[in-house]
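Topology and contacts: notes
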Amino acid sequence: MPDSGQRVLLLAPTKKDAIAGLELLRGAGLECLACASLAELCRRIPEGVGAVIVPDEAAVGEGADALKAAIRDQPPWSNLPILILTAAGPTHRRRVRALLELGDVTLLKRPLEAAEFLNAVRTALRDRRRQYQVKEYIAEQARQSEELREADRRKDEFLAMLAHELRNPLAPIRNGLAILQMAGTDPKVIHRTHGMMSRQVDHLGRLVDDLLDVSRITRGKVELRLETVDLNGVLARAAESARPLIEARRHRLIVT
């Protein structure tokens, strides 16, 4: 597939010059499109172009504002090479200044040797190729920056959730320690409280394991462990976690 970023747009002074220019450029292995008018050339620029070749009368004459607008509307990374074919003999200083205001301009005196012409076009295309490399570099940097922002956002969300979850097992464990201090040697209370604390410590350990695996967090690949569970056990652990807060506020929880 042709690379539009290396395509040459040619607006020749005459039809004969257009045919000769096309043959010369294509014979040198360069992609070239001859435009019938300056308006067509300006329409083609946004499609992707490596260099533009126009006669000086088109660059400063009627319709030149359209060319200036097309060049001005290029993206920030773009500095489109413009090869301007000037008439033989000296060019008026004011005209030169007007041509140079277009941007990255190279003035070529007519008539010129084929080798000189091809060398100027190839130089312009090399410059253009570097611009496209800069564009790709900027796009890659922007993509990596967005990935870093997304990873940071995921990490913040996960840590916020985990910080909330880490508090849940601590309350029943603290409550269990208080119960053990008051239970004395009652084996039933000790056994029940020990089981509750053991379950909460296991849950706390799993949360800490998730916290330590930071790479999974930043990649958004937190693993969900799927298993069949006893709903009675899930409800019991939920009530167990909430019981210290329930008792602190002197509420009564009945589980059926």
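What counts, and where the lines are drawn
- Residues numbered from 1 in each chain as written.
- Predicted model: local features only at pLDDT ≥ 70, side-chain atom pairs only at ≥ 80, totals over all residues.
- Heavy atoms only, no water.
- Helix = DSSP H or I, 4+ residues; strand = E, 2+ residues; numbered from the N terminus.
- Rg over C-alpha atoms; globule rule 2.2 N^0.38 Å.
- Buried < 20%, exposed > 50% of the residue type's maximum accessible area, 1.4 Å probe, protein only.
- Contact = heavy atoms within 4.5 Å.
- Pairing = 2+ DSSP bridges.

Turning next to the overall build of the protein. The helix and strand tally for the protein stands at nine helices and five strands. In the protein, the succession of α and β elements from N to C terminus is β-α-β-α-β-α-α-β-α-β-α-α-α-α. Here the protein has a C-alpha radius of gyration of 37 Å; the compact-globule value for 256 residues is 18 Å, and the former is much larger. Judged by the C-alpha coordinates and their principal axes, the protein covers about 115 × 35 × 30 Å. Counting the 256 residues in the protein, one finds 31% classified as buried. Of the contacts formed within the protein by residues at least 6 apart in sequence, a portion of 71% connects residues at least 24 apart.

A word on the pairing of strand β3 (residues 51-55). Every regular strand shows the same layout, with side chains that alternate between the two sheet faces. Within β3, five of the five residues are buried, which leaves the element mostly enclosed by the surrounding structure. Bridge count for strand β1 (residues 8-10) against β3 is three bridges, and the pairing is parallel. Following the sheet pairing, V8 is matched in β3 by A51. Strand direction decides the pairing type here: β3 and strand β4 (residues 81-86), joined by four bridges, are parallel. Paired with I53 across the strands is L83, a residue of β4.

One non-glycine residue, R250, lies in the positive phi region at around 60°. Counting through the fold element by element, R250 comes out in the segment after α9 (231-248).

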